[in-house]
Amino acid sequence: MTERRSYNDLKSQAVNFWPLDLAEKEKDASIIPRLLETQDKFISLLHVADSQPHAWKEILPETSQLPANLFLKHLMILSDIGGEKLQRFKTELPSIFGRHTMPFTWKGKPHEYVFKTLGSKSPWSNKHLAVDGPGLADAVPLNDTMEDVITLLIHGAASTNDELPQVIADKCIIGALLGDKPNLDKFVRQRYIWVSKITGGATANTMGHLAQDYVKQELQAMLPRWDFSKKTITGVSQTGGRTNMPFDMVAEAPNGKRCAIEVSFQFTTNSTIERKAGQAQSRQKLLRRKGHCIAYVIDGAGNFERRSAISTICRYSDCSVTFRQSEIRKLVMFLEQMAGSECTNRSSEGT
């Protein structure tokens, strides 16, 4: 249905760097390394901010390389409270804290904090707090919204209000550790070890999912009646039917015809493309036996450093394209043609 692509042909159509939409999302996945780099400054600030419950506010402006929005992001990571929960608190707390005042205890003494934005229209969203990827690209100074959220995350668990949401009581505990460097240091580092295990190994996976989502959205927009929600094809299995073979996504036409799609976009050289190349021949053979096709969407400078792997994928692919818009349209044309015909067992010889 389509001419087999060569390595040189595919590389000539590569964009090599993230499309703009993906570049913005990629920033979100790159936050953790910066948090780890400023971890010591964050711990030091909380250690010396022990003269009064709001001492952090006086010290923060004097701390280099730790702007208010980055300080807030540290607290959100440690408390495991993100923008969605904060938005919910923004709605719930006005009916819990009379006069928008939070009573709390600190070092055995009663204190109060009057929220400045709890009754306002100012949202407590990641974007408004400048703690999403694009926001953290800039150093944003402390404002009233940030101060409200920071105070809640630090002292929320110490509130004496009986109606306090349980999640705040369980997670907003940093205030109890202010000035207690050994326990503060232990808590922060253990928390970041956990975060790093999730995000460190998952960064490549996160990028992979972003790439898959991008391709899926583009295809769905061009083929609105098609289904791209599945990742398996019933009956396509290498385990004797016990489990179906997984793909990055499956394109299903309105008439039920299916095409497996594999996606890879790598800036730096990565073993993922080698794995996909190693599976390419057997996957195509198995899919064609069932009357299905397989397509690959490949891009990124790192991938094109693996000439042999890309050539193998092109050889055992029914359609190979890059992330360029004109290339995605080629994939759409292939899928439309596929829906009206059938992938056959024609030979897949080298090019």
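Quick note: structure is the one above.
S.K.: Could you clarify how one ought to interpret the pairing of strand β3 (residues 249-252) in this entry?
M.R.: Remark: a regular strand shows side chains that alternate across the two faces of the sheet. Here β3 shows two buried faces, one formed by Met 249 and Ala 251 and the other by Val 250 and Glu 252. Bridge analysis of β3 against strand β4 (residues 258-265) gives four bridges, and the strand direction is antiparallel. Looking at β4, one finds that Met 249 is bridged to Ile 261. If you look at the hairpin formed by β3 and β4, you'll find five residues sitting between the two strands, and Gly 256 has a positive phi there, around 95 degrees.

S.K.: Can you help me understand the sheet that holds strand β5 (residues 293-299) in this one?
M.R.: Sheet strands pair via backbone hydrogen bonds, and the direction of the pair is either parallel or antiparallel. Taken together, the four strands give an open sheet; going across it, the order is β3-β4-β5-β6, and neighbouring strands pair in mixed fashion. Each edge of the open sheet is held by one strand with a lone partner, namely β3 and β6 (319-321). Sheet twist, expressed as the average angle between the axes of neighbouring strands with direction ignored, equals 25 degrees. Summarising the sheet, β4 and β5 pair through seven bridges and their orientation is parallel. Bridging from a neighbouring strand, Cys 259 pairs with Cys 293 of β5. Contacting β3, β4, β5 and β6, helix α15 (residues 325-339) runs over the sheet at an angle of about 165 degrees to β6.

S.K.: Looking at this structure, I do not really get the packing of helix α6 (residues 68-79) against helix α9 (residues 144-155). What am I missing?
M.R.: Each pair of packed helices can be summarised by the angle the axes make with each other and by the distance between the axes. It is the contact of α6 with α9, at a shortest axis distance of 10 Å, that shows an interaxial angle of 30 degrees. If you check the angle between α6 and α9, you find them roughly parallel. Once α6 is placed against α9, the crossing between them reads as left-handed. Counted together, Ala 68, Asn 69, Phe 71, Leu 72, Leu 75, Met 76 and Ser 79 of α6 and Met 146, Val 149, Ile 150, Leu 153 and Ile 154 of α9 form the full contact between these two elements.

S.K.: Just checking my understanding: could you explain helix α7 (residues 83-92) for this structure?
M.R.: An α-helix turns once per 3.6 residues; consequently, residues spaced three or four apart project the same way. Residues Gly 83, Leu 86, Phe 89 and Lys 90 constitute the buried set of α7. Considered in projection along α7, the buried side chains sweep an arc of 115 degrees and stay on one side of the axis. Opposite the buried face of α7, at more than 90 degrees from it, the exposed residues are Glu 84 and Thr 91. Where α7 is buried, its residues contact α6, α9 and α10 (166-171).

S.K.: What am I meant to see in the nonpolar core here?
M.R.: A general trend in soluble globular proteins is that nonpolar side chains are found buried together. One finds Phe 71, Leu 72, Leu 86, Phe 89, Leu 93, Trp 124 and Leu 153 to be the most contacted residues of the largest nonpolar core, which totals 52 residues. Per-element tally for this core: the top contributor is α6, with eight residues. Those residues in contact with Leu 93 that sit more than four places away from it in its chain are Leu 118, Trp 124, Leu 152, Pro 165 and Ile 168. In this structure, Leu 219, Ala 253, Ile 261 and Cys 293 belong to the second largest nonpolar core, which totals 28 residues.

S.K.: Even after reading the chapter, I still don't get the environment of Arg 324, so can you show me in this structure?
M.R.: With respect to the helices, strands and loops of the structure, Arg 324 is situated in the loop between β6 and α15. By relative accessible area, Arg 324 is classed as partly exposed at 31%. It is 8.8 Å that separates the C-alpha atoms of Arg 324 and Asp 299, two residues lying 25 residues apart in sequence. Not counting chain neighbours up to four residues away, the residues in contact with Arg 324 comprise Gln 13, Ala 14, Val 15 and Asp 299.

S.K.: Honestly, the packing of helix α4 (residues 39-48) against α6 in this entry has me stumped. Any pointers?
M.R.: Relative to each other, α4 and α6 sit at 90 degrees, their axes nearing to 11 Å. When the axis of α4 is compared with that of α6, the two are roughly perpendicular. Contacts from Gln 39, Phe 42, Leu 45 and Leu 46 in α4 reach Phe 71, His 74, Leu 75 and Leu 78 in α6. Looking at the contact of α4 with α6 residue by residue, the classes come out as six nonpolar, two polar and no charged.

Criteria and thresholds
Residues numbered from 1 in each chain as written. Predicted model: local features only at pLDDT ≥ 70, side-chain atom pairs only at ≥ 80, totals over all residues. Heavy atoms only, no water. Buried < 20%, exposed > 50% of the residue type's maximum accessible area, 1.4 Å probe, protein only. Helix = DSSP H or I, 4+ residues; strand = E, 2+ residues; numbered from the N terminus. Pairing = 2+ DSSP bridges. Axes fitted to C-alpha atoms, helices over the stretch in contact; angles between N-to-C directions. Contact = heavy atoms within 4.5 Å. Parallel < 35°, antiparallel > 145°, perpendicular 65-115°, else oblique. Left-handed = near helix turned anticlockwise from the far one by under 90°. Arc of directions from axis to C-beta. Core = buried A, V, L, I, M, F, W, Y, C linked by side-chain atoms within 4.5 Å. Nonpolar A, V, L, I, M, F, W, Y, C, P; charged D, E, K, R; others polar.

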